[in-house]
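Listed below are the residues making up each chain.
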Amino acid sequence: MGVQGEAAPRSEAERIRLLHPPGDEDDPKDRVHRDERRPFEYCPAGSRSALEVAIANDGVHVEPGEPSPWVVRFAPLIPTAGKVLDLACGRGRHTRFFLQRGHGVVAVDKDVSGIADLEGNPELEVLRVDLESEDVFPLSGRRFEGVVVTNYLHRPLLPDLVQAIGPGGVLIYETYAKGNQRFGSPSNPDFLLEPGELLEAVRGRLEVVAYENAMVKEPRPAILQRICAIDTREVSYMEIIT
Ligand SMILES: C[S@@+](CC[C@H](N)C(=O)[O-])C[C@H]1O[C@@H](n2cnc3c(N)ncnc32)[C@H](O)[C@@H]1O
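Residues numbered from 1 in each chain as written. Predicted model: local features only at pLDDT ≥ 70, side-chain atom pairs only at ≥ 80, totals over all residues.

Another aspect to go through is the overall build of the protein chain. When its secondary structure is counted, the protein chain shows 8 helices and 7 strands. Taking the intrachain contacts of the protein chain between residues at least 6 apart in sequence as the baseline, contacts between residues at least 24 apart amount to 57%. (Helix = DSSP H or I, 4+ residues; strand = E, 2+ residues; numbered from the N terminus. Contact = placed C-beta atoms within 7 Å.)

In structure tokens form, the structure reads like this:
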């Protein structure tokens, strides 16, 4: 299904600004602003991450059904109206978020009942598939401006997901990491990233914008690893950051 109501493409200057949002500099005024964040407040797009705010504030709160602050933070880097793959979409918190932002979304899960209410949305393509039983990645050959994965890991898919990023596209990935065992589930090493594993997955193919491997407190204590990385085949990273 095609993307309707396309907005004007985001200029590179705008994308560059998004990589250096207000608040990235260590400005005392910014510290005051961050200190004023209240519990239950989300990180708006382009702001500091939930982890940073949690450290600064010791109290950020994230509702489970809301989009991940990591995803919210980096969503503006995805080219305007570009197609987004929400892999293992679950109840579709990120599918809904990106539809609202004007993106076409391909939502994939073995159980798509959680997004049944979105049926008929012309911007949404739903793919019900067991990602772990197929020999071939079901989206092989397709390219996306955004690939988003949260709270899901099937290691053999990592090269396919990196490959699925089109020129100028963005990978936003966040899931549990080694050490999470002490907080409960997931504790199976198959579902826990090794230190630096997402960095390794994108090495030589995508430029890393941000990476964390650390404990978060909200929505519950966990060890998370997360990355935002960009395909810079159409624009060099040096152009972006200077
Ligand atoms: C913890 S949920 C995460 C959902 C969503 N990404 C989020 O963060 O809200 C994990 C999702 O992975 C899906 N999943 C697990 N194994 C799968 C498989 N083999 N193939 C496709 N989807 C799978 C589940 O159905 C579930 O929706």
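Our focus in this paragraph is the sheet that holds strand β6 (residues 207-216). Sheet architecture is open: 7 strands sit in the order β3-β2-β1-β4-β5-β7-β6, paired in mixed fashion. Edge strands, defined here as strands with exactly one partner in the open sheet, are β3 (124-128) and β6. Recorded for the sheet is a direction-independent mean angle of 10 degrees between the axes of neighbouring strands. Across 9 bridges, the pairing between β6 and strand β7 (residues 222-230) is antiparallel. Bridge pairing links glutamate 207 to isoleucine 230 in β7. (Pairing = 2+ DSSP bridges. Axes fitted to C-alpha atoms, helices over the stretch in contact; angles between N-to-C directions.)

Now for helix α5 (residues 93-100). Taken together, the buried positions of α5 are occupied by His94, Thr95, Arg96, Phe97 and Phe98. Buried residues belonging to α5 abut α4 (69-74), β1 (84-87), β2 (105-109), β3 and β4 (144-150). Within two residues after α5, glycine 102 carries a phi angle of roughly 95 degrees, on the positive side. (Buried ≥ 20, exposed ≤ 12 C-beta atoms within 10 Å, placed from the backbone.)

Below, the discussion takes up the site of the ligand. Neighbouring the ligand are 13 residues; Ala88, Gly90, Lys110, Leu131 and Thr150 lie closest to it. In terms of residue class, the shell around the ligand is made up of 4 nonpolar, 3 polar and 6 charged. (Near = placed C-beta within 6 Å. Nonpolar A, V, L, I, M, F, W, Y, C, P; charged D, E, K, R; others polar.)

To continue, consider the pairing of β1. It is a general feature of regular strands that their side chains alternate between the two faces of the sheet. The alternating pattern of β1 places Val84 and Asp86 and Leu85 and Leu87 on opposite faces, both of which are buried. As judged from the 4 bridges shared by β1 and β2, these two strands associate in the parallel manner. Bridge pairing in β2 places valine 84 opposite valine 105. Following the chain from β1 across α5 to the adjacent parallel β2, one finds a crossover that is right-handed. Across 4 bridges, the pairing between β1 and β4 is parallel. Along β4, the bridge assignment pairs aspartate 86 with valine 148. (Right-handed = clockwise from strand over helix to strand, strands pointing away.)

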